[in-house]
Amino acid sequence: MVDDDQIARSKTIQQRTGKTFHLATRLLPERVREATYVLYAFFRVADEVVDDADGVAPAEQRAELEQIRAAALGERETDDPVLAAFSELREEYNLNDEDIEVFIDAMVSDIDTDEYATYDELEAYMDGSASAVGRMMTDVMNPDDPEKALPHATALGEAFQLTNFLRDVREDIVERDRIYLPQSTLAQHGVTNDQIRNFEMDESFAAAMQTELQRAEELYEKGVAGIKYLPEDCQLAVLLAAVLYADHHRLIRTRDYDVLSATPQLGTARKLYLLAKTRWRWIWNKDPEAVFWAVTGDSGGGMFTRGAKLVDRLPVR
């Protein structure tokens, strides 16, 4: 069994590196909450091998990730409390080894890959870096009908990741020299990598952002539609996570799509406001989709467009 020290260490990692997700995690029942701390900590341990790799040779990064893979799959002993705890969870909840494999594969790909030609390529990466995470979370929650829940969990995990990419365009350039916006989308709107690396904001970049925001919002629609298939005591937490991540779209639109001059961030007051608003609506209506669209539709001017073709509204250069 995972011990208290392992849980405490994992919780500290989540509090430090995932404040938005941590707020939602606190609403989970204890049986799922503690496992979620461990899952998140494992994901961060692997992610930081490549994201905090200044001065570390690519071969060393790959070797470390392979060591993490083997420990996570129970193929080698480890004295790392997070990896040991995750390996125990894998057995306890019968996590799919394939999801663990594709997650580590995605981390390995970050070593050499700094851009994606098409959305299909980016989506393949996100299946490991995010959708597999959603599927593992679903396994821990143990829904009555996993086959119904998992496709929606895959979509929601992808939505969260795409929102992060859209929010963090500047940060990904400054800290990692990566561009996660598909090259095909950039080319469609006449945006170059040099323009992004020089943080040159214009209407063309705004149009590219709108294209990907709409894509992400379609993923939220599919993802949120499956929250009802999760155990009742987990639904509010997942719903809140969706609301919090989606609120970054409101921030991006408020800034006229300018994520190049600064990274949009939700303040604590805003997060608590959304928590209160979501819980209040949940008291009166236990339909996750209805609550999500109500909150995202009337929070500070509306986060989402529900399919509106915003690109068509941009002035023509």
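Preceding this section is the structure that the text describes.
Below, the structure is looked at part by part. The structure displayed is predicted, hence computed values, not measured ones.

This next bit is on the overall build of the chain. Scanning the chain from terminus to terminus reveals 15 helices and zero strands. With 317 residues in all, the chain has 56% of them scored as buried. Taking all contacts inside the chain whose residues are at least 6 apart in sequence as the whole, residues at least 24 apart take part in 72%. Surface exposure of the chain reaches about 14200 Å², of which carbon and sulfur atoms provide 46%.

Turning our eyes to something else, we now look at the nonpolar core. Among the nonpolar cores identified, the biggest contains 95 residues, and Phe42, Leu65 and Ile196 are the most heavily contacted of them. With 13 residues, helix α13 (residues 232-254) is the largest single contributor of residues to this core. Other than its neighbours up to four places away in sequence, Ile196 contacts Val169, Ile173, Ile179, Leu181, Leu186, Val191, Phe205 and Leu260.

The tally for this structure, following the rule as stated, stands at 21 salt bridges. Residue Arg176 is joined to Glu175 by a salt bridge in which the shortest nitrogen-to-oxygen separation is 3.6 Å. A salt bridge links Asp177 to Arg197; the shortest N-O distance between them is 3.0 Å. Of this pair, Asp177 sits in the loop between α9 (169-176) and α10 (183-188) while Arg197 sits in helix α11 (residues 193-197); the two residues are 20 residues apart in sequence, bridging distant segments of the chain. Asp177 sits in the partly exposed class, given a relative accessible area of 38%. With relative accessibility at 27%, the residue Arg197 sits in the partly exposed group. Sharing partners across several salt bridges, the network here consists of Glu66, Arg69, Glu101 and Asp105.

This brings us to a nonpolar patch on the surface. Taken together, the side chains of Trp280, Ile283 and Trp284 present a nonpolar region at the surface, about 430 Å² in accessible area. Along the polypeptide, Ile283 turns up in helix α14 (residues 268-284). Owing to a relative accessible area of 52%, Ile283 belongs among the exposed residues under this scheme.

On to the environment of Glu289. The residue Glu289 is located in helix α15 (residues 288-298) in this model. Measuring from C-alpha to C-alpha, the distance between Glu289 and Gly226 comes to 8.6 Å, with 63 residues separating the pair along the chain. Ignoring sequence-local partners within four residues, the contact set of Glu289 consists of Val224, Ala225 and Lys228.

The subject of this paragraph is helix α8 (residues 146-167). For α8, which comprises 22 residues, the first-to-last C-alpha distance of 31 Å matches the rise-based estimate of 32 Å (1.5 Å per residue) to within 8%. Burial analysis of α8 places 17 of its 22 residues in the buried class, which makes it a mostly covered element.

What follows covers the packing of aromatic side chains. Throughout the structure, instances matching the rule amount to 14 aromatic pairs. With centroids separated by 3.8 Å and ring planes inclined at 15°, the aromatic side chains of Phe42 and Phe86 adopt a geometry described as stacked. Linking Phe42 in helix α3 (residues 30-51) with Phe86 in helix α5 (residues 81-92), this pair joins segments that are 44 residues apart in sequence. Residue Phe86 is classed as buried on the basis of its relative accessible area of 0%. An aromatic cluster of at least three residues, connected via ring pairs, comprises Phe160, Tyr220, Tyr245, Phe292 and Trp293. Directly above the aromatic system of Phe199 lies the positively charged group of Arg170, at a separation of 4.2 Å from the ring centroid. Taking the ring centre of Tyr119 as reference, the NZ or CZ of Arg215 above it sits at 3.8 Å.

Criteria and thresholds
- Residues numbered from 1 in each chain as written.
- Predicted model: local features only at pLDDT ≥ 70, side-chain atom pairs only at ≥ 80, totals over all residues.
- Heavy atoms only, no water.
- Helix = DSSP H or I, 4+ residues; strand = E, 2+ residues; numbered from the N terminus.
- Buried < 20%, exposed > 50% of the residue type's maximum accessible area, 1.4 Å probe, protein only.
- Contact = heavy atoms within 4.5 Å.
- Areas by Shrake-Rupley, 256 points an atom, 1.4 Å probe, with all protein chains shown as cover.
- Core = buried A, V, L, I, M, F, W, Y, C linked by side-chain atoms within 4.5 Å.
- Salt bridge = Lys/Arg side-chain N within 4 Å of Asp/Glu carboxyl O.
- Patch = residues over 30% accessible without salt bridge, like charges linked within 9 Å, V, L, I, M, F, W, Y side chains within 5 Å.
- Expected span 1.5 Å × (residues − 1).
- Phe/Tyr/Trp six-rings, centres within 6.5 Å; stacked < 30°, edge-to-face > 60°.
- Lys NZ or Arg CZ within 6 Å of the ring centre and 35° of its normal.

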